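# What the coordinates show
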Amino acid sequence: MLAFGALGRHKLRSLLTMLGMIIGVGGVIGVVSIGESAKGFVSNTIQSYGANLGFINKRYFRNRPCKSLHMRDCKLVKKQDGVIDVTPYLFTGRKVTFGNSSKQARVFGVAPSSRLMLNLNLTSGRFLNSVDYKKRSRVAVLTKSLAEELFDKGNPIGERIRVGNDRFTVIGLCKLTEAQKLINGSVHCIYCPATWVQHTRGLFGKVSRILFTYDNDCDIPSLVTTLPAKLSAAHKFRGDYSVRVLSDLVEKVSEMTMILTLAIAAIAGIALLVGGIGIMNIMLVSVAERTSEIGLRKAIGAKNSDILRQFLAESAAVSLVGGALGTICGALLTQTGLVLIEMKTNISIPLRLSPLAISVALITSITIGLFFGIWPAYKASKLSPISALRHL
């Protein structure tokens, strides 16, 4: 308590001394927690879609054309060992209108099996069926957010909407998860038959992407390597394609988080070092100011070890309070960062503070405080009581 009382006597000076600790600890906790929150969000993304989901895209080059994926490529993918199901996937942008309300939306051309593959949560109505798909029916499933924009609180099922220049009948509503919003790139989406998108855009069987699911025994590294080569051969080597699985995202985010954490940790380490030097400097000033107090304590029987412990306790108190304030600042920094992300992307990422980062940051700050407090405490303990009492 004496150590904390010493801090209270010089509040502003103590706060300025703690600044390095606050910045260092807050920076580490903030960055690590944002990284952990992002990694947890990506993990939930995979779980919401199903971890065994993959997708195939064509690569884009400026210097040479690349043949688009085709419906017949789905059959080739389906033949691969370990692949369970395959579905075509197309997307485009269209203005959607109902009455006087209109909204720009992303239109996804999908197959009936896409509902299970994409884990879409149908809240009312129905999804596309095989008849809709074969006949290129102008039917659509809207996301709940788009329906609310167009119909306010009304029931959209059975209503006719205009998608671009075509009229569609709304047959269902679905609610997107935060992960699906991220993957789709929008909260305003329409799902309609892929055959209609191909027909209206004159694609003649071309698709934007191919989705597939695979079993747990599937050799993913082999599939990622061999499947692009087979697709390229099927297109007479005029195409270049990539195969990705959602589980790769976790590794990518983990790598990015690690790199970012190490970079910020290096900067935070410098801030902690500066904070430690600040503690040593202010403790030396404190020793000089309290020379007479030290002399009096020694004159009435205080031992060198008592003085040493007193000043070490004050150093530890400065670093502990600085670390605690840094922890609070780090949590606020994390929450602010996630709020800004939500404002920009309309995606809500749950806050996940890292207990390990908090523990390591606090222990490190206290250790630094003790280390840099050793010299001032040792100097105070070695003061001669006679010399010290001359300052009275």
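The paragraphs below set out a description of the structure included in this document. (Residues numbered from 1 in each chain as written. Predicted model: local features only at pLDDT ≥ 70, side-chain atom pairs only at ≥ 80, totals over all residues. Heavy atoms only, no water.)

For the rest of this paragraph, the subject is a nonpolar patch on the surface. Together, Leu-12, Leu-15, Leu-16, Leu-19, Ile-23, Leu-325, Ile-328 and Leu-332 make up an exposed nonpolar region whose accessible area comes to about 780 Å². Sorting the residues of the nonpolar patch by element identifies helix 2 (11-49) and helix 12 (304-345) as the ones contributing at least two each. Counting residues per element, the nonpolar patch draws most heavily on helix 2, which supplies five residues. Structurally, Leu-15 can be placed in helix 2. Given a relative accessible area of 42%, Leu-15 falls into the partly exposed group. (Patch = residues over 30% accessible without salt bridge, like charges linked within 9 Å, V, L, I, M, F, W, Y side chains within 5 Å. Areas by Shrake-Rupley, 256 points an atom, 1.4 Å probe, with all protein chains shown as cover. Salt bridge = Lys/Arg side-chain N within 4 Å of Asp/Glu carboxyl O. Helix = DSSP H or I, 4+ residues; strand = E, 2+ residues; numbered from the N terminus. Buried < 20%, exposed > 50% of the residue type's maximum accessible area, 1.4 Å probe, protein only.)

Our next topic: the packing of aromatic side chains. All chains considered together, the criterion is met by nine aromatic pairs. When the ring of Phe-168 is compared with that of Trp-196, the centres are 4.6 Å apart and the planes differ by 90°; the resulting orientation is edge-to-face. Linking Phe-168 in strand 8 (residues 166-175) with Trp-196 in helix 8 (residues 194-200), this pair joins segments that are 28 residues apart in sequence. Both residues of the pair, Phe-168 and Trp-196, count as buried. A cation over a ring is seen here: Arg-209 above Phe-55, with NZ or CZ 5.5 Å from the ring centre. (Phe/Tyr/Trp six-rings, centres within 6.5 Å; stacked < 30°, edge-to-face > 60°. Lys NZ or Arg CZ within 6 Å of the ring centre and 35° of its normal.)

Our focus in this paragraph is helix 13 (residues 355-381). For helix 13, with 27 residues, the first-to-last C-alpha span of 37 Å sits near the 39 Å given by 1.5 Å per residue. Of all the bends in helix 13, the largest measures some 40° and sits at Ile-374, one to four residues before the proline Pro-376. What helix 13 keeps buried is the set Ala-357, Ala-361, Ser-365, Ile-368, Gly-369, Phe-372, Gly-373, Pro-376, Ala-377, Ala-380 and Ser-381. (Expected span 1.5 Å × (residues − 1). Bend = angle between axes of the 7 residues up to and from the residue.)

Quick look at the pattern of salt bridges now. According to the stated counting rule, one finds three salt bridges in the structure shown. Notably, a salt bridge pairs Asp-132 with Arg-126, separated by 2.8 Å at the nearest N-O pair. The salt bridge partner of Arg-309 is Asp-306, with a shortest N-O separation of 2.6 Å. Of this pair, Arg-309 and Asp-306 both sit in helix 12, three residues apart, roughly one helical turn.

Here Pro-228 shows up in helix 9 (residues 220-234). Relative accessible area serves as the criterion here: at 13%, Pro-228 is assigned to the buried category. Counting along the chain gives 172 residues from Pro-228 to Ile-56, while the straight-line C-alpha distance between them is 8.5 Å. When near neighbours in sequence (up to four residues on either side) are disregarded, Pro-228 contacts Leu-223, Tyr-241 and Val-243. (Contact = heavy atoms within 4.5 Å.)

In terms of nonpolar packing, the biggest core is built from 40 residues, with Ile-56, Leu-142, Ile-161, Ile-190 and Phe-212 touching the most fellow members. What Ile-190 contacts, discounting residues up to four positions off in sequence, is Val-96, Arg-106, Val-107, Phe-108, Ala-140, Val-141, Leu-142, Leu-146, Ile-161 and Val-163. (Core = buried A, V, L, I, M, F, W, Y, C linked by side-chain atoms within 4.5 Å.)

Let us now look at the side chain of Thr-87. Looking at the secondary structure, you find Thr-87 in strand 3 (residues 83-98). Not counting residues up to four positions away in its chain, the partners in contact with Thr-87 are Cys-74, Ala-111, Ser-113, Ser-114, Met-117, Arg-209, Ile-210 and Leu-211.

Locating Val-107 in the fold gives a position in strand 4 (residues 101-110). Judged by its relative accessible area of 1%, Val-107 is buried. Separated by 82 residues in sequence, Val-107 and Cys-189 have C-alpha atoms that sit 5.9 Å apart. When near neighbours in sequence (up to four residues on either side) are disregarded, Val-107 contacts Leu-90, Phe-91, Thr-92, Arg-94, Val-163, Ile-190 and Cys-192.

Attention now moves to unusual backbone geometry. Even without a glycine there, the phi angle at Asn-119 is positive, about 55°. Here Asn-119 lies in the loop between helix 4 (114-118) and strand 5 (121-125). Owing to a relative accessible area of 39%, Asn-119 belongs among the partly exposed residues under this scheme. Notably, Arg-136 is not glycine yet its phi reads approximately 55°, a positive angle. Position of Arg-136 among the secondary structure elements: in the loop between helix 5 (130-134) and strand 6 (139-143).

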